[in-house]
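Take a look at the letters that make up each chain.
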Amino acid sequence: MAKDLRTYLAQLSETYPNQLKVVDKEVDRKWEITAFVEKLRRDPGYPEFPAILFTNVKGSELPVLINLCASYERLALSIDATVANMVEVYGTREASGVPPVEVKRSEAPVKEVIWTGDQIDLSKLPIVWHNELDSGYYVDAGPCIVRDPDSGKINAGIYRHEMQNNKELGFMPNPAHHGSFVLRRMRELGKPMEVAIVVGHHPVFPMAGVSKLAGIGGELLAAGGLLGEPLEVVPAETVDLPVPARAEIVIEGIVDTNLDAMREEGPFGEYPRYYTGIGPMPYVKITAITMRKDAIYQTIFNAHVEHTCLGALPRMGSVYRRVREVIPTVTGVNLPVSGMGRGHAYISLHKHHDGEPKQVAFAAFGVDPLIKHVFVVDDDVDVFDENEVLWCMCTRFQADRDLSIIPYAMGGHLSPNNYDIDRDERSKDRHKKHLETKMILDMTKPAPPTFFPPRCSVPEDVVEAVNLEALQDYKGLPEVVKS
Ligand code: MN
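The rules behind these values
Residues numbered from 1 in each chain as written. Predicted model: local features only at pLDDT ≥ 70, side-chain atom pairs only at ≥ 80, totals over all residues. Heavy atoms only, no water. Helix = DSSP H or I, 4+ residues; strand = E, 2+ residues; numbered from the N terminus. Rg over C-alpha atoms; globule rule 2.2 N^0.38 Å. Buried < 20%, exposed > 50% of the residue type's maximum accessible area, 1.4 Å probe, protein only. Contact = heavy atoms within 4.5 Å. Areas by Shrake-Rupley, 256 points an atom, 1.4 Å probe, with all protein chains shown as cover. Lys, Arg positive; Asp, Glu negative; His and termini not counted. Charge placed at Lys NZ, Arg CZ, Asp CG, Glu CD. Pairing = 2+ DSSP bridges. Axes fitted to C-alpha atoms, helices over the stretch in contact; angles between N-to-C directions. Donors = N, O, S within 2.8 Å, 3.2 Å for Na, K, Ca; no water. Core = buried A, V, L, I, M, F, W, Y, C linked by side-chain atoms within 4.5 Å. Domains from an automatic or database assignment. Expected span 1.5 Å × (residues − 1). Buried area = accessible area lost by both parts, 1.4 Å probe. Salt bridge = Lys/Arg side-chain N within 4 Å of Asp/Glu carboxyl O. Polar contact = N/O pair within 3.5 Å; in protein donor to acceptor, adjacent residues only side chain to side chain. Nonpolar A, V, L, I, M, F, W, Y, C, P; charged D, E, K, R; others polar.

> Sorry, what's going on with the overall build of the chain here?
Along the chain, the regular secondary structure elements total 13 helices and 25 strands. The C-alpha atoms of the chain give 24 Å as radius of gyration, which agrees with the globular expectation for 483 residues (23 Å, within 12%). Sorting the 483 residues of the chain into buried and exposed places 54% on the buried side. Taking contacts inside the chain between residues at least 6 apart in sequence as the whole, the part at least 24 apart equals 72%. Surface summary for the chain: the accessible area is close to 21800 Å², and the carbon and sulfur share equals 54%. Computing the positive centroid from 52 side-chain charges and the negative centroid from 68, the chain places the two 3 Å apart.

> Would you take a moment to explain the pairing of strand β19 (residues 283-291) for this structure?
On a regular strand, one side chain projects to one face of the sheet and the next to the other, so that they alternate. In terms of residue burial, β19 counts as a mostly covered element, since 7 of its 9 residues are buried. Here 3 bridges tie strand β10 (residues 168-170) to β19, and the two strands are oriented antiparallel to one another. Counterpart to Glu 168 in the pairing with β19 is Lys 285. Sheet analysis places strand β14 (residues 249-255) next to β19, joined by 7 bridges and oriented antiparallel. Note on β19: the bridge partner recorded for Gly 253 is Ile 286.

> How do you make sense of the sheet that holds strand β23 (residues 373-378) when you look at a structure like this?
In sheet architecture, strand pairing relies on hydrogen bonds along the backbone and comes in two forms, parallel and antiparallel. A sheet is described by the order of its strands in space; here 5 strands give the open sequence β21-β22-β23-β25-β24, paired in mixed fashion. Edge positions in the sheet fall to β21 (330-334) and β24 (403-410), since each of these pairs with one other strand and no more. Mean inter-strand twist for the sheet, computed between neighbouring axes without regard to direction, equals 20°. In the sheet, strand β22 (residues 344-349) pairs with β23 via 6 bridges, with the strands oriented parallel.

> What's the story with the coordination of the manganese ion in this structure? I'm lost.
Ideal geometry at a metal centre gives angles of 109.5 degrees when four donors are arranged tetrahedrally and 90 or 180 degrees when six donors are arranged octahedrally. Summarising the metal site, the manganese ion is bound by the protein donors Asn 155 (OD1), His 178 (ND1) and Glu 219 (OE), whose distances to it range over 2.1 to 2.2 Å. For the manganese ion, the donor residues sit on a single chain with the sequence spacing N-x22-H-x40-E. Pair noted here: Asn 155 is in strand β8 (residues 154-158) and Glu 219 is in helix α7 (residues 219-227), with a separation of 64 residues, a long-range link. The class for Asn 155 is buried, based on a relative accessible area of 1%. Residue class for Glu 219 comes out buried when judged on its relative accessible area of 3%.

> I would appreciate a short explanation of the nonpolar core in the present structure.
One recurring pattern in soluble globular proteins is that nonpolar side chains are buried together. Counting residues in hydrophobic clusters, the biggest one holds 76 residues, and the most contacted among them are Leu 68, Ile 145 and Val 374. With 8 residues, the top contributor of residues to this core is helix α8 (residues 305-326). A domain split of this core shows at least three residues from each of domain 1 (5-305) and domain 2 (328-451). Apart from the residues lying within four places of it in its own chain, the contact partners of Leu 68 are Leu 5, Tyr 8, Leu 9, Leu 12, Ala 51, Arg 74, Pro 203, Gln 298 and Glu 306. Among the nonpolar cores identified, the runner-up in size contains 43 residues, and Ile 52, Leu 169, Val 182 and Met 186 belong to it.

> What should I look at first to understand helix α9 (residues 356-367) in this one?
Within an α-helix, residues lying three or four positions from one another point in the same direction, as the helix has 3.6 residues per turn. Its 12 residues give α9 an end-to-end C-alpha distance of 17 Å, which sits within 8% of 16 Å, the value for a rise of 1.5 Å per residue. Where α9 is concerned, the buried positions are Glu 356, Pro 357, Val 360, Ala 361, Ala 363, Ala 364, Phe 365 and Val 367. Its buried side turned inward, α9 meets α8, β21, β22, β23, β24 and β25 (435-442).

> Would you mind showing me how to read the sheet that holds strand β12 (residues 232-235) here?
Pairing in this open sheet of 3 strands is mixed, and the strands run β4-β12-β13 from one edge to the other. Where the open sheet ends on each side, the last strands, each with one partner, are β4 (101-102) and β13 (242-244). Here β12 pairs with β13 via 3 bridges, running antiparallel. In the sheet register, Val 234 faces β13, and the bridge partner there is Val 243.

> How should I be thinking about the domain arrangement of the chain in this particular structure?
Accessible area lost on assembly of the parts is the figure often given for the size of an interface. Segmentation of the chain into domains returns domain 1 (5-305) and domain 2 (328-451). A separation of 29 Å is found between the C-alpha centroids of domain 1 and domain 2. Carbon and sulfur atoms supply 68% of the area buried between domain 1 and domain 2, which totals about 1800 Å² over both sides. Summed over the three residues of domain 1 that lose the most area to domain 2, namely Lys 212, Tyr 271 and Ile 278, the buried surface amounts to 37% of that side. Counting across the domain 1 and domain 2 interface gives 1 salt bridge. Put simply, Asp 368 and Lys 212 hold a salt bridge, and the shortest N to O gap is 3.9 Å. Where domain 1 touches domain 2, the interface holds 2 residue pairs in polar contact (both at pLDDT 80 or more). Looking at the side of domain 1 that touches domain 2 element by element, the count peaks at 3 residues for strand β18 (residues 279-281). Here the residues of the side of domain 1 that touches domain 2 sort into 13 nonpolar, 4 polar and 4 charged.

> Even after reading the chapter, I still don't get the environment of Thr 257, so can you show me in this structure?
The topology assignment puts Thr 257 in the loop between β14 and β15 (263-265). What makes Thr 257 buried here is its relative accessible area of 4%. Separated by 66 residues in sequence, Thr 257 and Lys 191 place their C-alpha atoms 6.8 Å apart. Other than its neighbours up to four places away in sequence, Thr 257 contacts Leu 183, Met 186, Arg 187, Lys 191, Pro 192 and Met 193.

The following block contains the structure:
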């Protein structure tokens, strides 16, 4: 059977039984589901920080799955990798581009239930209110499929979708997201934009939506590459788009691209872990909802561990792959939790020439506008060891020579201190601002032949040969010392 959310849940519970739990007790979808996850995070008794399936959600027949993507172990498992090699495996698989395959409607579980017209009612889905000051209930684990009118290519990206009413959802991509490029192009053409929002699938599907692929489109192929098999698709009911046949739920709709067709949207707990983004945004008029008869509604805990992990691994894989296309001697990429899996990039390089670290940073900025600070280190450093990275900042970096600052650059429009061109950061205006100041820290040693002292260590072969079983308990000073 082709891979989907259910095959992954079976694989997960078999491989790591403690990483998937069920709650049958009735819960409220306003705050209680996320409060449960937050309490779990604080409890040292649950180091696996499991995914949870809530089977009894007040006001809905459907169960809610949350926290599935909140661990690198689980995300690595989904691409048959380990945490140690997941970045390289992600980059390789993402690029292998397996085209989707169309299956018959009768073989598409997502067509088991179809709501159109008066049947469309978002209040029947267990859409979750996550953080206290979110403006309401958000669909936030739904890669949104659109078609580029110029190339015909299919693009998918994860945007937040505020529940506006029972038949309408918000639509809020970053200005640099491909979804925004398609929206602006449809506006120029004076046409509406068709969308299909996919809720619940194998974890590689949302990860493909986060991937930083070159150009608009390609996410369905990347998903196939990540799965190691073609993604099964089927035509949507009311829009001219392919949708995953084995998804749990698909929400189809139309965005009026006219600049007057806007709704107030936000705030929402965002990846920087602040409530950001508020103001008028386009919205989706829902034309159909299709689902499995026993659909699982998946949500991502925003501004929390899951938001960071799901945003980080695909970016790391893409940045690793695409920066190596420019500088093949890059050896590692980490987007650490300290930068919410986005803002900080730790990149290691087998350096041959001075100046290469800046080229590395320029390439990284080009791949993802959310990267704000690039820290380049030599390849003797493990980029997943933050202490080692910051040790290089202390011992291989001089701020007057090795620091470069680039103001007024394209950044994330949801960062709390980003600015407009007039640079009025104290403005009470809380609308989305996307400019930020980039920083490059060249923390590498000077290129040879310039002398730089070697780092300290004992010979590795001697360490290897040591047998720790020689250790004994201390029972007072030995005779040889007393005499
Ligand atoms: Mn894209």
